[in-house]
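# Coordinate inspection notes
Listed here are the chains, written in short residue letters.
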Amino acid sequence: MKFSELNIPSDILGALEKMGYEEMTPVQEAAYPIIAEGHDLCALAETGSGKTAACAIPLIQKVDPELNAIQGLVIVPTRELCIQYVTEIQHIARRTSVVPFAVYGGFDKDIDIAKLKHGVHILVATPGRLLDYLYSGVLSFKHVKCAILDEADELLKVGFLEDIEFILSCIIREHQTLLFSATMPEDIKKLAHDCLRDPRHISLITERKAPTSIDHYFTYQHPKDKQAALIKYLKEEDVKQALIFCNARHMVDKMFASLRKDFEDVGYIHAGLSQDKRTSVFRQFKNMKIRYLFASDVAGRGLDFSHVSHVVNWDLPQGRESYTHRTGRTGRMGKKGKALTFVTRHDLSDLRELIGRNEISPLWIGKDPLLANNTSPERKARNRKRPFRPNRGKGKPVAKP
Ligand code: ADP
Ligand code: MG
């Protein structure tokens, strides 16, 4: 279905056309009438399937530009996602008089406050900064009619949950609540329901939880050999852009420091950097000025890098949904992508669980450590030739021949 077949005003349609959005994606088609009719919604759809615009288009339509007040509130888990989300709304709303604005940690508060006073219709925010402004009375939610949690399952996890509950409780008037994500673990579903009133559901996640446009490669390596294997892989592959995830900040630093000797255009991002530096790296990567980006999970969710051809998990992702979100940074909007996950002997039980849970068909580069009879023919031959050596250790039992 085309956007032009819907009841969308021409100023928004014109902007969508300019952005190259003509056909609606499935989640956009499904969500539009539900949001337009004012229902609460929990929408689950694959990474890179256009959830931002699915929400932003009807949200912009709901705003009364004559009313100088926040009417739409979008909460996202990370600062970069905040920038990206508000940029998408700005593009869609550019020919209207709707004013979107983002507030997130690390940005100048005086600028925020001046802008908020001047008038903002749609506020996109990270929870921390939002709380800060709610406590100091900078914000009023008196006119909020629509609240959105993007990456909802992340926002409803332990670390964020209390903040989100408090923020939502500050919206006193009757409003619509919309949740979006590519994942929704069972234990979070109940919490999600508690935020919603008589909700509609969209679930476009097929039987495979990991995106289908991605080939899922794995490689089993001795920890000592990982770096050489990574360099070889990146050199041999036709990499347009690669996002390489590590589980810890210090590992991101370390990998960046060692790989910049072998590659040009390398960058790194994690939450330990100043916000200026984070924003600059994020923009450089979006604009293809950086080709290989080492990242912590701060870049694991929601970010839309349309040129990422390869995602590498230097460490096996921790946490249930992390694999889906990390690898979902490639293969967006129907493009193809490759994911490579490094596995060491310490990861085998987690690996089994990951493969089962995400219902991925893993493609192994080298041997598959999960195969029961995994010994290579050469190794078997070597073992056959090797003479039996009884254990001659002092006091240790001697094996019988
Ligand atoms: P999600 O939130 O589902 O991960 P995004 O909203 O980030 O996905 O969108 C992924 C990409 O698809 C973005 O680059 C966006 O510009 C593009 N996109 C969204 N909707 C359309 C559309 N209808 N037609 C073409 N491209 C689209
Ligand atoms: Mg998104």
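Residues numbered from 1 in each chain as written. Chains lettered and ligands numbered in written order. Predicted model: local features only at pLDDT ≥ 70, side-chain atom pairs only at ≥ 80, totals over all residues. Heavy atoms only, no water.

## With respect to the overall build of the chain
Each helix and strand counted, the chain has 15 helices and 14 strands in total. The dimensions of the chain, computed from C-alpha atoms along their principal axes, are 90 × 45 × 40 Å. Buried positions account for 51% of the 401 residues belonging to the chain. When contacts within the chain are restricted to residue pairs at least 6 apart in sequence, those whose partners lie at least 24 apart make up 75%. When the accessible surface of the chain is summed, it comes to about 19,500 Å², and 50% of that surface belongs to carbon and sulfur atoms. Of the charged side chains in the chain, 59 are positive and 50 negative; the average position of the first set lies 11 Å away from that of the second. (Helix = DSSP H or I, 4+ residues; strand = E, 2+ residues; numbered from the N terminus. Buried < 20%, exposed > 50% of the residue type's maximum accessible area, 1.4 Å probe, protein only. Contact = heavy atoms within 4.5 Å. Areas by Shrake-Rupley, 256 points an atom, 1.4 Å probe, with all protein chains shown as cover. Lys, Arg positive; Asp, Glu negative; His and termini not counted. Charge placed at Lys NZ, Arg CZ, Asp CG, Glu CD.)

## A look at the domain arrangement of the chain
Domain annotation of the chain identifies domain 1 (3–203) and domain 2 (214–370). Placing a centre on the C-alpha atoms of domain 1 and another on those of domain 2 gives a separation of 28 Å. With 22 residues of domain 1 at the interface, the matching set in domain 2 holds 20 residues. When the two sides are added together, the surface that domain 1 and domain 2 hide from each other amounts to roughly 1,700 Å², 54% of it contributed by carbon and sulfur. Taken as a group, Thr-47, Glu-80 and Gln-84 account for 35% of the area that domain 1 buries against domain 2, more than any other trio of residues on that side. For the interface between domain 1 and domain 2, the tally reads 4 salt bridges. The partner of Arg-278 in a salt bridge is Glu-80, and the shortest N-O contact between them spans 2.8 Å. (Domains from an automatic or database assignment. Buried area = accessible area lost by both parts, 1.4 Å probe. Salt bridge = Lys/Arg side-chain N within 4 Å of Asp/Glu carboxyl O.)

## As for the site of ligand 1
The immediate surroundings of ligand 1 are formed by 15 residues, with Tyr-21, Gln-28, Gly-48, Thr-52 and Asp-304 found nearest. Within the side chain of Gln-28, an N or O atom sits 2.8 Å from a nitrogen atom of ligand 1. Across the complex, the protein chains shield 85% of the 570 Å² of accessible surface that ligand 1 would expose by itself. Tallied by class, the residues present in the shell around ligand 1 amount to 3 nonpolar, 7 polar and 5 charged. Both domain 1 (3–203) and domain 2 (214–370) contribute no fewer than three residues apiece to the shell around ligand 1. (Near = heavy atom within 4 Å. Polar contact = N/O pair within 3.5 Å; in protein donor to acceptor, adjacent residues only side chain to side chain. Nonpolar A, V, L, I, M, F, W, Y, C, P; charged D, E, K, R; others polar.)

## Observations concerning the environment of Thr-219
By the element assignment, Thr-219 lies in strand 8 (residues 214–220). Separated by 117 residues in the primary sequence, Thr-219 and Ala-102 place their C-alpha atoms 40 Å from one another. Those residues in contact with Thr-219 that lie beyond four places of it in its chain are Leu-340, Thr-341, Phe-342, Val-343, Trp-364 and Ile-365. There is a polar contact of 3.1 Å between the side chain of Thr-219 and the backbone oxygen of Ile-365.

## Brief notes about the pairing of strand 4 (residues 122–125)
What you see with strand 4 is no split at all: Ile-122 and Val-124 on one side and Leu-123 and Ala-125 on the other are buried throughout. Bridge analysis of strand 2 (residues 72–75) against strand 4 gives 4 bridges, and the strand direction is parallel. The residue of strand 4 that forms the bridge with Leu-73 is Leu-123. Looking at chain direction, strand 3 (residues 100–103) and strand 4 are connected through 4 bridges and run parallel. Along strand 4, the bridge assignment pairs Val-103 with Ala-125. Once the chain exits strand 3 it traverses helix 5 (residues 109–118) before rejoining the sheet at strand 4, and the crossover so formed is right-handed. (Pairing = 2+ DSSP bridges. Right-handed = clockwise from strand over helix to strand, strands pointing away.)

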